[in-house]
Amino acid sequence: MPGSYRASFFTLRDVCVNLNVAIRGQSKNSDSFFHSPVEGIGGEGSIWGFLIAGKSKRNFRNLILVGDAGSGKSTLLKSVAVAYAEGHYKRNKESRKAPKLVPIVLVATEVVDSIVNADISLCQAAAHNFRLSKISKHKEFNNWINSQIKRSKCLVLIDGIDEISDINHRKKFNEWINRTVRKNPGNYFIVSTRQAGYDNSILKNFVVLEVRDLSLDGVERFIANYYLNEDLNLQNIQVVARQRTAKRLGKPFFLSFRSLKDSHYLAAQKKTGHLAGTLITKIMSTPALTKMAVNPLSLSMMVAIHSEKYPLPASRPKLYEELCRTLLSPKPNLNITTPKTERNEDSLTQDYQILLLKELALNLMKNGKLEFSTAEATAYLSSHIRNWTGNSAEKSKDLAKKFLENIQYKSGLLIDANTIGNKRFSHKCIQEFLAADQLRDNDQLNLNSTSFVYQRLNETWWNETIRLYAAISTSNTTIKILDNAYKRFRKKPADNVAAFELLFDCLQDCHQNLPIWVKAKLQTVLHRSLESKVPIIREYSAKVKLSQRFSNSFISEDKYREFDKFYLTCCEYQVFVDRNKPLNKYYQPD
């Protein structure tokens, strides 16, 4: 639960809902899934289906997981790693036929420096996770990892290559992945990235999977699980004992109540059924909320906001803003263990706290960072506090330190990073939104953020921040951003693919605020790009065209069939052809 102050109560399996994936090119809205090569095998539609298929078809051992911001890529990788580490995948119907593997989790931003500077091996990268532990110093441990790799018994999960801000470092990291796959044949590799960070010219011989949106049934299960877990935890009924029981039974926390036929579980289920039903009804009856709810991050934000009795916003930027305000508002006593901080008359107001978070987020984005040390953040924020409050340097530094502690332990917007002593925002999307909001504030102070944004239109690190900035800015600012992106693309198409993609990402986010003539011009650009000489532009144009096609209502022929009144373009059909090549199916016309 990113950003939830109750997150410490939940384990990954308490509220995690299985996500389906599909080979790139298939509509996200389609109910059907590929039938080969995993037809008849448990796990069809899930990542486990591909792992099972990899036992007989080696091309399914190298997978790239591509998804939008907040689509659940990292959570999906973590759930697979936990399933293997705890062994409960053997007891699950959809995963019990999966190969027996040793999971190796590599967070791209944590190992990229070692890889770029020293070109370390896969074994050394795996040991990097335990660098602060005594076990990493044991020769037997390193020998064991190396033996598992040589025996092709490892599942290497590489998370977040799009979060590497330096383009040259990201390129070298991708090249390292290619070399590592070649040097260690037979092992399984799953790499996760946003579309903006994926470079198919470097990462070759991988099957590209797209994370599908949550089904409406998945939305309902997530909401029901959240409220049930929340109520059971807030009752504080033998929490530790129940979690131990759940671990022994290999089940989520709330299911341990059911297995013990606990009366508290039945009472909580009855109580929370109404709360969950209210939110589900609201989401299903509001098209804007339904569209956002299929994104796991947006859905978790909706639940967090609704559980605090606040109204649900109908747009993604407003949802982020409301979440921050909700989590910074006073909370009931939940018996959470937090460091003792003094309450005094100089405590920062909620508005000041949000201002500080926005300044911190924009500074991190400018420096290409997701993590920061407490000392760095305290030094940076204390100067702002001193300017705003007029306090002494020492008092401002003390307030900055207490501010960071309160934000982490009372709101959950900041969390401990994997690097010991460092912190980070609970999700990259939170950092990106706050940075975008600060850019808008700078505009209002005549600091001219637009020129800053123009220089970064082709930088994938800034893609999501610019999208959010365009969505919350005035229509004139949005039009200027689109115009600059188009001019850059028209001048050198092959060198400005990111700017081209940004055009249509902004069209999706700002559709309601744009004049008709702007939308018409973008559609003209799209149609011309379907015939582009640059393959990646043709591919992306076809993807946008297909997305627009499936978002429109088809004409129903009967109960089971619908058809589109517009002809399919050659470029769209090529997406279908390319999608079937990894399945050894060839549909190229004669």
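What this report covers is the structure whose coordinates are included nearby. Sequence order sets the numbering: in each chain, residues are counted from 1 along the sequence as written. Confidence filtering applies because this is a predicted model: local features only for residues at pLDDT of at least 70, side-chain atom pairs given and counted only at 80 or more, and all residues used for totals across whole chains, interfaces and linings. The side-chain values count all of the structure's non-hydrogen atoms but skip hydrogen atoms and water molecules.

**Points about the overall build of the protein chain**
Put simply, the rule reads: Numbering of helices and strands starts at the N terminus; helices are DSSP runs of H or I of at least 4 residues and strands are runs of E of at least 2. For every residue, the accessible area obtained with a 1.4 Å probe (protein chains only) is divided by the maximum for its type, and the residue is called buried under 20%, exposed over 50%, and partly exposed between those limits. Only heavy atoms enter the contact rule, under which two residues are in contact if any of them lie within 4.5 Å. For the area figures, the Shrake-Rupley method with a 1.4 Å probe applies, and any residue is considered shielded solely by the protein chains shown.
Scanning the protein chain from N- to C-terminus turns up 25 helices and eleven strands. Within the protein chain, the fraction of its 590 residues that count as buried is 52%. Put simply, 70% of the contacts in the protein chain that link residues at least 6 apart link residues at least 24 apart. Total accessible area computed for the protein chain in this model is approximately 29100 Å², and 50% of it derives from carbon and sulfur atoms.

**A look at the sheet that holds strand β9 (residues 422-425)**
Rules: Whether two strands pair comes down to DSSP finding at least two bridges between them. Between the N-to-C directions of two axes lies an angle of 0 to 180 degrees, each axis being a line fitted to C-alpha atoms and, for a helix, fitted only over the stretch in contact.
Taken together, three strands build an open sheet; the order of strands is β7-β9-β8 and the sheet is antiparallel. Among the strands making up the open sheet, the edge pair consists of β7 (371-373) and β8 (414-416). Ignoring which end each strand starts from, the neighbouring axes of this sheet average 40 degrees apart. Of the strands in this sheet, β7, β8 and β9 are in contact with helix α17 (residues 393-411), which crosses β8 at around 85 degrees.

**Considerations on the nonpolar core**
Across soluble globular proteins, you tend to see nonpolar side chains buried next to one another. Using the following cut-off: Buried residues of nine kinds, namely Ala, Val, Leu, Ile, Met, Phe, Trp, Tyr and Cys, make up a nonpolar core once their side-chain atoms join them within 4.5 Å.
With 121 residues, the main nonpolar core has Ile47, Ile223 and Phe504 as its most contacted residues. In contact with Ile223, other than residues within four places in its own chain, are Ala276, Leu279, Ile280, Ile283, Leu299 and Val303.

**With respect to the sheet that holds strand β1 (residues 21-23)**
Within the open sheet, the six strands sit side by side as β1-β6-β2-β5-β4-β3. Their pairing is mixed. Because the sheet does not close on itself, it has two edges, and the strands there are β1 and β3 (102-107). The sheet shows a mean angle of 25 degrees between the axes of neighbouring strands, direction not considered. Pairing analysis gives four bridges linking strand β2 (residues 62-67) to strand β6 (residues 207-211), with the strands arranged parallel. Bridging across to β6, Ile64 finds its partner in Val208. Here helix α4 (residues 108-118) sits on the sheet in contact with β3 and β4 (154-159), set at roughly 80 degrees to β3.

**Here we look at the pattern of salt bridges**
Selection criterion: Criterion for a salt bridge: a side-chain nitrogen of Lys or Arg within 4 Å of a carboxyl oxygen of Asp or Glu.
Counted under the stated rule, the structure contains 17 salt bridges. Measuring nitrogen to oxygen at the nearest pair gives 2.9 Å for the salt bridge that ties Glu432 to Arg194. Placement of the pair is Glu432 in helix α18 (residues 428-444) and Arg194 in strand β5 (residues 188-194), with a sequence separation of 238 residues. Assigned by exposure class, Glu432 and Arg194 land together as buried. Taken together, the salt bridges that share partners define one network made up of Asp162, Arg194, Lys428 and Glu432.

**Quick notes on the pairing of β5**
Regular strands show a simple pattern: their side chains alternate between the two faces of the sheet. The element β5 is largely enclosed, with a buried count of seven among its seven residues. Side chains Tyr188, Ile190, Ser192 and Arg194 of β5 all project onto a buried face; the interleaved residues Phe189, Val191 and Thr193 project onto the opposite face, where all are buried too. By the bridge criterion, six bridges tie β2 to β5 in an arrangement that is parallel. When the sheet's bridge partners are listed, Gly67 is paired in β5 with Arg194. Bridge count between β4 and β5: four bridges; the pairing is parallel. Note that in β5 the partner of Leu157 across the bridge is Ile190.

**Some points on the side chain of Glu464**
Counted only if it meets this: Two N or O atoms count as a polar contact when they lie within 3.5 Å, although within protein this holds only if one can serve as hydrogen donor and the other as acceptor, and sequence-adjacent residues are included solely when both atoms are side-chain atoms.
If you trace the backbone, Glu464 turns up in helix α20 (residues 463-472). Polar side-chain contacts of Glu464 include one of 2.5 Å to the side chain of Arg316. Here Glu464 is in contact with Ala69, Arg194, Arg316 and Glu432, once residues within four sequence places are set aside.

**So, unusual backbone geometry**
In this model, Asp119 sits at a positive phi of 50 degrees, which is unusual for a non-glycine residue. Its identity as a non-glycine residue notwithstanding, Lys309 has a phi of 70 degrees, on the positive side. Of note, Lys309 is situated in the loop between α13 (296-307) and α14 (316-328).

**Things to note about the packing of aromatic side chains**
Note the following rule: Classification of ring pairs rests on two measures: the distance between centres of Phe, Tyr or Trp rings, Trp counted by its six-membered ring, which must be within 6.5 Å, and the angle between planes, read as stacked under 30 degrees, edge-to-face over 60 and tilted in between.
The tally for this structure, following the rule as stated, stands at twelve aromatic pairs. Ring geometry for Trp48 and Tyr89: centres 6.1 Å apart, planes at 5 degrees, overall stacked. Highlighted residues: Trp48 in helix α2 (residues 47-53) and Tyr89 in the loop between α3 (73-86) and β3, separated in sequence by 41 residues. Seen in terms of ring centroids, Phe50 and Phe60 are 5.6 Å apart; in terms of plane orientation they differ by 40 degrees. Their pairing is tilted. Linking Phe50 in helix α2 with Phe60 in the loop between α2 and β2, this pair joins segments that are ten residues apart in sequence. Both residues of the pair, Phe50 and Phe60, count as buried. In textbook terms, an aromatic cluster arises when at least three aromatic residues are bridged by ring pairs, as seen for Phe489, Phe500, Phe504 and Tyr540.

**Observations regarding the packing of helix α21 (residues 475-491) against helix α23 (residues 516-529)**
Between two packed helices, the angle of one axis relative to the other and the distance separating the axes together describe the packing. Just so we agree on the cut-off: Throughout, the term roughly parallel applies to angles under 35 degrees, roughly antiparallel to angles over 145, roughly perpendicular to angles from 65 to 115, and oblique to all others. By definition, turning the near helix anticlockwise from the far helix through less than a right angle yields a left-handed crossing, and turning it clockwise yields a right-handed one.
Two elements in contact, α21 and α23, have axes separated by 12 Å at closest approach and are oriented at 20 degrees. With respect to each other, α21 and α23 are oriented roughly parallel. Where α21 crosses over α23, the two elements pack in a sense that is left-handed. Mapping the contact onto sequence places Ile479, Leu482, Asp483, Tyr486 and Phe489 in α21 and Trp517, Val518, Lys521, Leu522, Val525, Arg528 and Ser529 in α23.

**Some words on the environment of Tyr586**
Mapping Tyr586 onto the fold places it in the segment after α25 (570-580). Considered as a pair, Tyr586 and Phe576 are ten residues apart in the sequence and their alpha carbons are 9.8 Å apart.

**Notes on the side chain of Arg467**
Structurally, Arg467 is set in helix α20. When its relative accessible area of 11% is taken as the criterion, Arg467 is described as buried. Other than its neighbours up to four places away in sequence, Arg467 contacts Arg316, Leu502, Asp505, Cys506, Gln508 and Asp509.

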